[in-house]
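# Per-entry structural report
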Amino acid sequence: MFDHFWTKAAAGCLVAVSLLLTGCGAGSRTAANTATEVACDFTNPPEPVTVNVLAYNSSAVDPFTNTMVASCSHDNVTLEHDPIDFAGQVQKTTATLSGDSGTYDIIESYSFVIPQYGSEGKLEPLDPYIEEFGDKYGLDAINQEMLDSLSYEGKVYGLPMQAQMLVLAYREDVFDELGLQPPTTFAELREVSQAIQDAGEIQYPLALPWLSSSDIGTAYKAALGSQGVDYVDPDTREPLFTSEESRTALEEMKSLVPYMDPQVTTFDQPKVQQQLFNGDAAMGIMFSGRMVDLTKDTNTEHAGDFAFAAPPAVLEGGRQYGALSVDGWSIPVNTQVDKRLLFELIAASVGEDASRASIPAAYPAREGLVTEENSPYATAANEAIQNVPEPAPFPWVAKMSSGTSEVVAQVVTGAIPVEEGQRQMQEIGEQVMAEQG
Amino acid sequence: MSTLTTADSGTARPLDAAAEVVARRLPRGRRRTTAAVLGGLFLAATCVIMFAPFLWTIMASTKTTREAFANPPVFLYEPTATAFVDLWQTTDFYLYLINTLVVAVITTVVALLVGLPCAYALSRFPGYVSAGLLILALVFRALPRFAVVLPMYDISRALGVYDTTYALAAALIAINQPFTIWLLRNFFAEIPRELDEAAMVDGCTRLQMLRKVMIPLMGPGILTAGIFTFLFGFQEYLTAAILTDTTSKTVPVFIATQLGQTLPMLQQAAAATVLLTIPVIGIAFVAQKYLVAGLNSGAVKG
Amino acid sequence: MRRREFVALTLPSVLVMFGFMLVPLYRTVEWSFERVSYGQAGTFVGLQNYLAALTEPRFGRAVVFTVGLTLVVTVVTICLGYLIATLVNGLGRMRPLVLGILLVSYVIPHVVGAVSFSWLFDSNFGGVANFLLGRLTGGDVLWFTDLWPNRLIIALNVIWSMLPFVMLMILAGLQGVSRETLEAAQIDGAGTLGRHWHVIIPSIRGVLGFAVLISTMDVLRTFDNLIPLAPQAVGLGNESIMLYIYNVAFREGAEDLGLGSAISVLTILIILVLLYPSIRSILKEAKEA
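Okay, so let's go over this structure.

Calculation criteria
Residues numbered from 1 in each chain as written. Chains lettered and ligands numbered in written order. Predicted model: local features only at pLDDT ≥ 70, side-chain atom pairs only at ≥ 80, totals over all residues. Heavy atoms only, no water. Helix = DSSP H or I, 4+ residues; strand = E, 2+ residues; numbered from the N terminus. Buried < 20%, exposed > 50% of the residue type's maximum accessible area, 1.4 Å probe, protein only. Lys, Arg positive; Asp, Glu negative; His and termini not counted. Charge placed at Lys NZ, Arg CZ, Asp CG, Glu CD. Contact = heavy atoms within 4.5 Å. Buried area = accessible area lost by both parts, 1.4 Å probe. Salt bridge = Lys/Arg side-chain N within 4 Å of Asp/Glu carboxyl O. Polar contact = N/O pair within 3.5 Å; in protein donor to acceptor, adjacent residues only side chain to side chain. Axes fitted to C-alpha atoms, helices over the stretch in contact; angles between N-to-C directions. Parallel < 35°, antiparallel > 145°, perpendicular 65-115°, else oblique. Left-handed = near helix turned anticlockwise from the far one by under 90°. Nonpolar A, V, L, I, M, F, W, Y, C, P; charged D, E, K, R; others polar. Phe/Tyr/Trp six-rings, centres within 6.5 Å; stacked < 30°, edge-to-face > 60°. Lys NZ or Arg CZ within 6 Å of the ring centre and 35° of its normal. Pairing = 2+ DSSP bridges. Expected span 1.5 Å × (residues − 1). Arc of directions from axis to C-beta. Disulfide = S-S within 2.5 Å.

## Here we look at the overall build of chain C
- When you go through chain C residue by residue, the secondary structure sums to 14 helices and two strands.
- Dimensions of chain C along its principal axes, counting C-alpha atoms only, are 75 × 70 × 30 Å.
- Across the 289 residues that make up chain C, the buried fraction comes to 57%.
- Here chain C holds 19 positive side-chain charges and 18 negative ones, and the gap between their average locations is 7 Å.

## Examining the interface of chain B and chain A
- Of the residues lining the interface, 35 residues belong to chain B; the matching set on chain A comes to 44 residues.
- Between chain B and chain A the total buried area reaches about 3,200 Å² when both faces are included, carbon and sulfur atoms providing 49% of it.
- When the buried surface of chain B facing chain A is broken down by residue, R66(B), W88(B) and Q89(B) rank first, second and third, together holding 20% of it.
- One can count two salt bridges joining chain B with chain A.
- Between K92(A) and D245(B) there is a salt bridge whose closest N-O contact spans 3.1 Å.
- There are 17 residue pairs in polar contact (both at pLDDT 80 or more) connecting chain B and chain A.

## So, helix α11 (residues 269–277) of chain A
Residues and elements named next belong to chain A.
- Extensive coverage of α11 is indicated by the burial of nine of its nine residues.
- For α11, the set of buried residues is Q269, P270, K271, V272, Q273, Q274, Q275, L276 and F277.
- G279 sits one or two residues past α11 and shows a positive phi near 75 degrees.

## A short note on the environment of V213(B)
Residues and elements named next belong to chain B.
- Relative to the helices and strands, V213 is located in helix α10 (residues 206–217).
- It is 8.2 Å that separates the C-alpha atoms of V213 and L195, two residues lying 18 residues apart in sequence.
- Not counting residues within four places of it along the chain, the set of residues in contact with V213 comprises L195, A199 and Q208.

## Description of the packing of helix α7 (residues 147–175) of chain C against helix α10 (residues 205–220) of chain C
All names here are of chain C.
- The N-to-C vectors of α7 and α10 enclose an angle of 160 degrees; their axes lie 10 Å apart at closest approach. In this view, α7 runs roughly antiparallel relative to α10, as classed from their interaxial angle. For α7 against α10, the interelement crossing comes out right-handed. The segment α7 lies against α10, with V158, M162, F165, V166, M169, I170 and G173 engaging V207, L208, F210, A211, I214, S215, D218 and V219.
- The class makeup of the residues in the contact of α7 with α10 is twelve nonpolar, two polar and one charged.

## Re the interface of chain B and chain C
- Contact with chain B, which involves 104 residues of that partner, is made by 112 residues of chain C.
- Summed over both sides, the interface between chain B and chain C buries roughly 9,800 Å², with carbon and sulfur atoms accounting for 78% of that surface.
- Linking chain B with chain C are two salt bridges, by the criterion used here.
- Note that D218(C) and R141(B) form a salt bridge whose closest N and O atoms lie 3.0 Å from each other.
- In this assembly, chain B and chain C are joined by twelve residue pairs in polar contact (both at pLDDT 80 or more).

## Focus: the pattern of salt bridges
Residues and elements named next belong to chain A.
- Enumeration according to the criterion identifies 24 salt bridges over all chains in this entry.
- With a closest N to O distance of 2.4 Å, E132 and R340 form a salt bridge. Residue E132 is found in helix α5 (residues 127–133), and its partner R340 is found in helix α12 (residues 339–349); the two are separated by 208 residues along the sequence.
- One salt-bridge network, held together by shared partners, links E120, K122 and K399.

## Focus on the packing of aromatic side chains
- Enumeration over the complete set of coordinates arrives at 39 aromatic pairs over all chains.
- Ring centres of F51(B) and F54(B) lie 5.8 Å apart, and the angle between their planes is 75 degrees; this geometry places the pair in the edge-to-face category. Linking F51(B) with F54(B), this pair stays in helix α2 (residues 18–62), spanning three residues, or about one helical turn.
- Since its relative accessible area comes to 25%, F51(B) is described here as partly exposed.
- A relative accessible area of 2% means that F54(B) is categorised as buried.
- Between F228(B) and Y106(C), the ring centres sit 6.5 Å apart and the planes meet at 75 degrees, which makes this aromatic pair edge-to-face. One end of the pair, F228(B), is in helix α11 (residues 219–235); the other, Y106(C), is in helix α4 (residues 95–107), on a second chain. For the pair F228(B) and Y106(C), one class covers both residues: buried.
- Members of the aromatic cluster, connected to one another through ring pairs, are F179(B), F228(B), F232(B), Y106(C) and F165(C).
- In this arrangement the basic side chain of K63(B) is found over the ring face of Y77(B), its NZ or CZ atom lying 5.5 Å from the centre.

## Some words on the pairing of strand β11 (residues 306–309) of chain A
Residues and elements named next belong to chain A.
- Residues F306 and F308 line one face of β11 and the alternating positions A307 and A309 line the opposite face, and both faces are buried.
- The sheet contact formed by strand β6 (residues 159–171) and β11 spans four bridges and is antiparallel. By the bridge assignment for β11, L168 is matched with A309.

## Considerations on the side chain of T10(C)
- Here T10(C) shows up in helix α1 (residues 3–31).
- Those residues in contact with T10(C) that sit more than four places away from it in its chain are C118(B), A121(B) and L133(B).

## A word on helix α8 (residues 186–199) of chain A
Residues and elements named next belong to chain A.
- Taking 1.5 Å as the rise per residue, α8 with 14 residues should run 20 Å; its terminal C-alpha atoms sit 20 Å apart, in good agreement.
- Taken residue by residue, α8 has F186, L189, V192, S193 and I196 as its buried positions. Buried residues of α8, seen end-on, are gathered within an arc of 120 degrees and therefore sit on one face of the element. Counted as exposed and oriented over 90 degrees from the buried face of α8: E191 and D198.
- Structurally, α8 contributes buried residues whose contacts are with α7 (172–178), β7 (206–207), α10 (244–256) and β10 (283–287).
- Positive phi shows up at G200, right after α8, with a value of about 95 degrees.

## Some details on the state of the cysteines
Residues and elements named next belong to chain A.
- Taken as a whole, this structure holds one disulfide over all chains when the rule is applied.
- Between C40 and C72 runs a disulfide, and the two sulfur atoms are separated by 2.1 Å. Given an S-S torsion of about 105 degrees, the disulfide between C40 and C72 has right-handed geometry. One end of the pair, C40, is in the loop between α1 (2–23) and β1 (49–54); the other, C72, is in helix α2 (residues 62–72), and 32 residues separate them in sequence.
- On the accessibility criterion, C40 (3% relative accessible area) is buried.
- The class for C72 is buried, based on a relative accessible area of 1%.

Okay, structure coming up:
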């Protein structure tokens, strides 16, 4: 009897699934809520082409991706984009760029990795296309500095869509209640954290993306940059991990640990968001593209309570604990699709209408679009962008960061002493430089 | 038959010794009842613990986005299907689901077609050649997956079959072939050889005999092997993650790339987990009898 | 059976196995002596990759971790599996339901199950287990960054996903134990424990051996489970051999295929040593037949 029942149940499930398949318009809505309809008038290719787009999902990148996919899929061109997280994008980028052919025809790239891929010759230089299509897509309105951020040795390897800078998000209600001001230095950051901790409601007031396998590398670099130095002395090509600044960076990062969840070295940006959504933390420093999620009341009951400021400086008088990352579109050298066509697709997605529509989720690369009226964190972002550390467009930067991140995590959590960590990082750094040749 | 039922079977003893038995047994019977209750409680607790992770995922997928991953956790809520609807409409989830099914079905059918004759031959042709093949199968079964999958990645890219369902299915057929023939061989070993001979005397060729006599007898064995192979194909993550990319991506791979997403999409990952798992749980409920019977009649004698 | 028939019947399967397993395996062995990346011809470097693997403490740690995990998980799953199988075997009408529920963790893909599992222990995703533990003990356990708590949830998760299959095999074995033997033992006055120890376990020894074999092979291959459960695997030393190969040969920017292949080959050697008893018993069987 039992068997009979389960057979029927299974049959029922099958019917339900097939009904769902046919009835509910599966895959019909291409994230329409963030796609803008823009003109995408490429020269129609003679044969049908499928263009695979690799771009991680976040509120700031989605508008550009979705606009491109929705507006440019017509005639003989079909764009495909599968949702993927940031770690997935990093891994797939490495995979698709190795070898003679790859799966993806358009990839999302950012200033951090451009020098490496540019120097390895894996991305197509875009200058001739910018020349050819500049007028048609109004590319001269794109901020020159951002264009430079996606260039290496004078060639442009990525068409900028937006800038992302580290921004401090904090709970205004908590700050007001305790009479606190957003911190401008790490010393103040410790003070306000202590005050919030002492108030007793929130045990770990600060949340930072310090994932040991990646994000903490960016954090360490930001702490170095705040003191005006980088991984490597650009003149002597000597790694600077044993320098006084490196020591300060590590010590200062370590000093924040008592105010953060003990498992902070497993936090990527989405987990920091979770901490803020859940009210477990009252402050977080993340890239600006993650900020708009905090203001949506579908995500959190605290949506109305967040305010934004430029991140603090590590030491008083220094630059911010900041980072500017420019996101853009790149074309892999090994794609089989016509590169002129691909360029038209990416150019259309960063056009004025699309860029305007991406606000407030993004800080688009076009001049003067973000104002206090249209973006809740505009002031913080504009201020942050003025005062970020110098860009460091060197091909070793990404490898330095990924090579040393685990050591930084071990130092910060106290697993190994600072000197020992510095020594290990120096060793890794010298090896990376030796491979540069 | 076991601790729990023997307490009952004690009451069915012959009547002539009943009085004596009752007098002697009562305290012991009570002890057994306590054991039965404890056993039942333990089993119930095990069921709850084993089901808890999936239950929590079901709850996360049917809450509002705000409540889904709230801390402290929300236990009472009004269910909503938004996450499922969004998953269905904004992603190509149905394609991944179809890919997963296609891969699992191809794997099952081909693995059985290829494995049946081999398993039959192994069961009827004892000696060092068969033993050698079985040892090889055992070693293949135990190989670290990467030792074969990374070269497959390289080869499939060179041959231009990377990211296709059939390449993935081919890889899975090969990887699971050892288990398939091992399982089926033990089923064949249960069937007496005299049957083969009788059929051969009647003028059947080996293949005809295999098709007309053996396969019908092997019904439960084939079903068991089929279910296991299907589950292997349906669940496989590592091989699929390395051999597929966009067009033939399977659901486990899709879910694994959603772990670092932010809220609305993260909740959709929970919904995807539920949608992927419900059908196989259905299979588990329907197929359990065959799994136990199948394993009983041969598989575990190896 | 004639030799020609044997060859004809086994050929398709042998071709599939050799074609799809031996050819890639050969490539792995070849790579292990080369400095190579995907899609390109490698350069021969002799034993350099093996030396690198053997002198790298990370490899030693991965081996110790994986073997330790295998031992613990196998022992626990066999014991628990036996206990649960015995209890399930005694069930009447509830049996299909209980068995169905117990099979859930087996049919869920490992990586997906591990994700669900990790959510129970991560307060950022609700963390029910943390919540309940906190209520009971008032304490907080760092499941993902402390060495032993992390090992505990990894082991629990692997047990969770392996247990149903082992239990199923033992259950099948229990059904093969003859009623007469059991009743004879009962009349002899054997107690419950004695009956299990002296009668049931010896008569399903073959099944238990097979369960140990399968579980050893599968736990040695642990990989999927660690992706959500051990974000700090490298730093803590909770990296399995398979995860180590993946990190070296596929993920960590460098894609050091040569080193990854060398580790694969070394792992195969370890596995062959572990499989030696089973191989010997198959050969013995062949000799007797």
